[in-house]
Every structure is written in C-alpha cells, then in structure tokens.
Amino acid sequence: DNAAELMEAFWPHRPAQPWSGPVRFYALVCFATADKELWETPCTQEGDWDNLGKQMGDVLQRCKFFENDRQITQGTVIKEWAKTDALIIELWKLG
C-alpha cells in the first residue's frame, strides 16, 4: 500500500478549497520495464485497475481535492509499461 507516498505527492497540488459537484478522473499508471519493445503498451501483469483507481480516489479525498470520492462520476485508469515508474493524474470539474 503506497497511500502515504501518494498523499505526499498529491498534497502540494490540492485546490484552495475542496471541489463540490461532479468530477472526472483520469490516471495513467506506468510500470517500469527494461524491455523497450513493451514501452507504451498495455500492462496486464501489474496492479488491478479498479484497486488503483479506488486508492487514488481515496487519497485525493483525504488531500481535499473534493469533498467525497463519490463525486467522481467518470473515471479512467490506464496501465502501461514504460521506461520508468510514473503516475499522471488529471481531474476536471464537471457541470
């Protein structure tokens, strides 16, 4: 469980006030591999997409990006192989 690491990474980027209303969530989760031929291809051997999304939603709520992760009405988690481990998160206020 890397919730503490995610909290540390997300905390400096939180909004001044938690968002209210619906939110769209996008995450690109990159898993490191030395095999260059796998870079930017789907990763089926690491992490469950639903568990990754749930954990990130929970941590974003604790960091006060929004009032409650139930506000996420649209969510996408993409898992890819890459040169290095990486995480890219995008959030949008809807409505």
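Above: the structure in question.
Note that the structure is predicted; figures quoted are calculated from it, not measured. (Residues numbered from 1 in each chain as written. Predicted model: local features only at pLDDT ≥ 70, side-chain atom pairs only at ≥ 80, totals over all residues. Heavy atoms only, no water.)

### Focus on the pattern of salt bridges
Going by this rule: Here, a salt bridge means any side-chain nitrogen of Lys or Arg that lies within 4 Å of a carboxyl oxygen of Asp or Glu. Strands here mean DSSP runs of E at least two residues long; helices mean DSSP runs of H or I at least four residues long; both are numbered from the N terminus.
With the rule as written, the count across this model stands at two salt bridges. Residues Lys-54 and Asp-58 are paired through a salt bridge, measuring 2.9 Å at the closest nitrogen-oxygen approach. Within this pair, Lys-54 and its partner Asp-58 are both found in helix H2 (residues 49-62), separated by four residues, close to a single helical turn. Put simply, Lys-54 and Asp-69 hold a salt bridge, and the shortest N to O gap is 3.4 Å.

### A look at the side chain of Gln-71
Short version of the rule: Whether two residues are in contact is decided by their heavy atoms, any of which lying within 4.5 Å being enough.
Structurally, Gln-71 can be placed in the loop between H2 and strand S2 (72-82). Not counting residues up to four positions away in its chain, the partners in contact with Gln-71 are Trp-19, Ser-20, Gly-21, Pro-22, Val-23 and Phe-66.

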